[in-house]
Amino acid sequence: MSSLPAGRWSEVARRTGLVDAAGAVRQTVFAEMTDLAARTGAINLGQGFPDVDGPAHVSRAAVAAIEAGHNQYPPGAGIPALREAVAAHAARHYGLDLDPDTEVLVTTGATEGVAAALLGLLVPGDEVLTLEPFYDSYAAVIALAGAVHVPVGLAVEEGAFALDVQAVRRAVGPRTRMLLLNSPHNPTGTVLSRSELEALAEVARDHDLLVVTDEVYEHLTYDGAEHVPISTLPGMAGRTLRISSAGKTLSFTGWKVGWVTGPAELVTAVRTVKQFLTYTSGAPFQPAVAEALLDADGATHAYVAGLAASLAARRDLLCEGLVSAGFDVVVPRGTYFVVADAAPLGAEDGARLARELPARVGVAGVPVSAFCQDGTATSAALASRVRFTFVKREAVLREAVQRLEGLRRQGTSGAR
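Bear in mind that the values here come from a model prediction, so they are computed numbers and not experimental data.

1. As for the sheet that holds strand β11 (residues 328-330)
An order of β11-β12-β15-β14 is seen for the 4 strands of this open sheet, with the pairing classed as antiparallel. Each having just a single partner strand, β11 and β14 (366-367) make up the two edges of the open sheet. Pairing analysis gives 5 bridges linking strand β12 (residues 337-341) to strand β15 (residues 385-389), with the strands arranged antiparallel. Bridge pairing links Asp341 to Arg385 in β15.

2. Section: the UniProt feature "domain: Aminotransferase class I/classII large" (unreviewed entry) in the protein
The sites that carry the UniProt feature "domain: Aminotransferase class I/classII large" (unreviewed entry) are, in the present numbering, residues 42-404. In residues 42-404, helix accounts for 41% and strand for 17%; the two terminal C-alpha atoms are 11 Å from one another.

3. Some words on the environment of Gln27
With respect to the helices and strands, the residue Gln27 is situated in the loop between α1 (6-16) and α2 (29-40). Judged by its relative accessible area of 43%, Gln27 falls in the partly exposed class. The contact partners of Gln27, leaving out residues within four places of it in the chain, are Glu32 and Asp35.

4. Description of the side chain of Arg239
With respect to the element layout, Arg239 can be found in the loop between β8 (210-214) and β9 (240-245). Those residues in contact with Arg239 that lie beyond four places of it in its chain are Ala204, Arg205, Asp208, Leu209, Leu210, Val211, Pro263 and Leu266.

5. Observations concerning the sheet that holds strand β4 (residues 148-153)
Strand order in the open sheet made by the 7 strands is β2-β10-β9-β8-β7-β3-β4, with mixed pairing throughout. The open sheet has two free edges, formed respectively by β2 (104-107) and β4, since each of these has just one partner strand. Neighbour to neighbour, the strand axes of the sheet diverge by 20° on average, direction disregarded. Direction of pairing for β2 relative to strand β10 (residues 258-261): antiparallel, over a ladder of 4 bridges. When the bridges of β10 are listed, Val104 appears paired with Thr261.

6. Quick look at the packing of helix α5 (residues 109-121) against helix α10 (residues 264-274)
Running from amino to carboxyl end, α5 crosses α10 at an angle of 105°, the nearest separation of the two axes being 8 Å. As far as their axial angle goes, α10 and α5 are roughly perpendicular. Residues Glu112, Gly113, Ala116, Ala117, Leu119, Gly120 and Leu121 of α5 form the contact with α10, whose participating residues are Leu266, Ala269, Val270, Val273 and Lys274. Taken together, the residues of the contact of α5 with α10 break down into 8 nonpolar, 2 polar and 2 charged.

7. Here's the deal with the packing of helix α3 (residues 56-67) against helix α11 (residues 285-294)
With their axes 8 Å apart at the nearest point, α3 and α11 run at an angle of 140° to one another. The pairing of α3 with α11 is recorded here as oblique in orientation. Note that α3 runs across α11; the crossing there is right-handed. Residue-level contacts link Val58, Ala61, Ala62 and Ala65 of α3 to Phe285, Pro287, Ala288, Glu291 and Ala292 of α11.

8. Quick word on the packing of aromatic side chains
To describe a pair of aromatic rings, you give the distance between the ring centres and the angle between the ring planes. Applying the stated rule across the entire model yields 11 aromatic pairs. Relative to Phe337, the ring of Tyr217 lies with its centre 6.1 Å away and its plane at 80°, an arrangement referred to as edge-to-face. One end of the pair, Tyr217, is in the loop between β8 and β9; the other, Phe337, is in strand β12, with 120 residues separating them in the sequence. On the basis of relative accessibility, which here comes to 3%, the residue Tyr217 falls in the buried class. Among the aromatic residues, those joined into a cluster by ring pairs are Phe30, Tyr135, Tyr138 and Phe371. The ring of Phe337 has Arg387 lying over it, and the distance from NZ or CZ to the ring centre is 3.6 Å. Directly above the ring of Phe49 sits Lys392, whose terminal nitrogen or CZ lies 3.7 Å from the centroid.

Reading the values: the criteria
- Residues numbered from 1 in each chain as written.
- Predicted model: local features only at pLDDT ≥ 70, side-chain atom pairs only at ≥ 80, totals over all residues.
- Heavy atoms only, no water.
- Pairing = 2+ DSSP bridges.
- Helix = DSSP H or I, 4+ residues; strand = E, 2+ residues; numbered from the N terminus.
- UniProt positions renumbered as here; feature names shortened; annotations may be inferred.
- Buried < 20%, exposed > 50% of the residue type's maximum accessible area, 1.4 Å probe, protein only.
- Contact = heavy atoms within 4.5 Å.
- Axes fitted to C-alpha atoms, helices over the stretch in contact; angles between N-to-C directions.
- Parallel < 35°, antiparallel > 145°, perpendicular 65-115°, else oblique.
- Nonpolar A, V, L, I, M, F, W, Y, C, P; charged D, E, K, R; others polar.
- Left-handed = near helix turned anticlockwise from the far one by under 90°.
- Phe/Tyr/Trp six-rings, centres within 6.5 Å; stacked < 30°, edge-to-face > 60°.
- Lys NZ or Arg CZ within 6 Å of the ring centre and 35° of its normal.

Below, the structure is given as structure tokens:
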């Protein structure tokens, strides 16, 4: 069996960071913590997936699609019914006017949408700005595209993560090609305000940047926070690709049905790459998601509203429990994650603590350092923080909170 020449493999390894010093494939931090939780019997609050299924009417639609024979390859761009439903959803919620035939592309989840967008629109040497901390796949795909990742840190100010617009402006250089934006933001749970987005839009217009937005948590916001797609702001529709999915909104993360929308020429670039990745997927799930998005009887709206209200209550339960256990928390206004600071417990190394927690108290989280670039000021500032998810049943969260109380009883031993 042939192997990749050592020199080329080393280059791939250097660019992506996906292998360790010995050349072994490095698993994601989510897989690592999930495996650790399974080995120790810990409650897994690290990986963000629900422990109950989404709405029954959507499940029934998928079963009906299977029984009706929707089990072979759907069109590469997605079935027309789903593309039309995505366009109708964007019009209904945001006033966006999309052509389902040329401005909507169905993808295998939002992750593929991001990957195909970056691989289709970047050339080696281009610079891509992201917020930091950032979802881990962003760094890997930027590297695979041969581009340069330029993270701009979010700072904790007055109990919230805040955007430094001037830092974004300073980060833009002659090779900057794209702003890769995530709001509601994973892992911090911040929801960028309209004024923050207007400032970012001004940067994009001033420097003629492409904008790719990851909006998978668009409907999961709390405390009156408003999600504003940057593509709705003046001068932005023609330079922005908006990416979302059914996974988070409908609690069917394993279905991996996502979509990319935007100007036809940009969507075409994404489709050009996507056809050589999965080509297509989710045959019986696409008509089910289409039915859910069209929401003719209001059942999906009722489900999503109930889900957001339930998540807000579960967020409060977990945040209060973390504070009681000795953490400091930034209360999120979106997503289903909370970032907790272990420094008050005497733990300055959040990565070490996250690896110890399953055995020590039976709860797994993810270190926020895994969402940062090595050596940045943001990585140092957030080194003691751990991300936990609250998208679990209330009984599970109550048990996790009770277990976390054990940290106070244990003191700081082993935390450093």
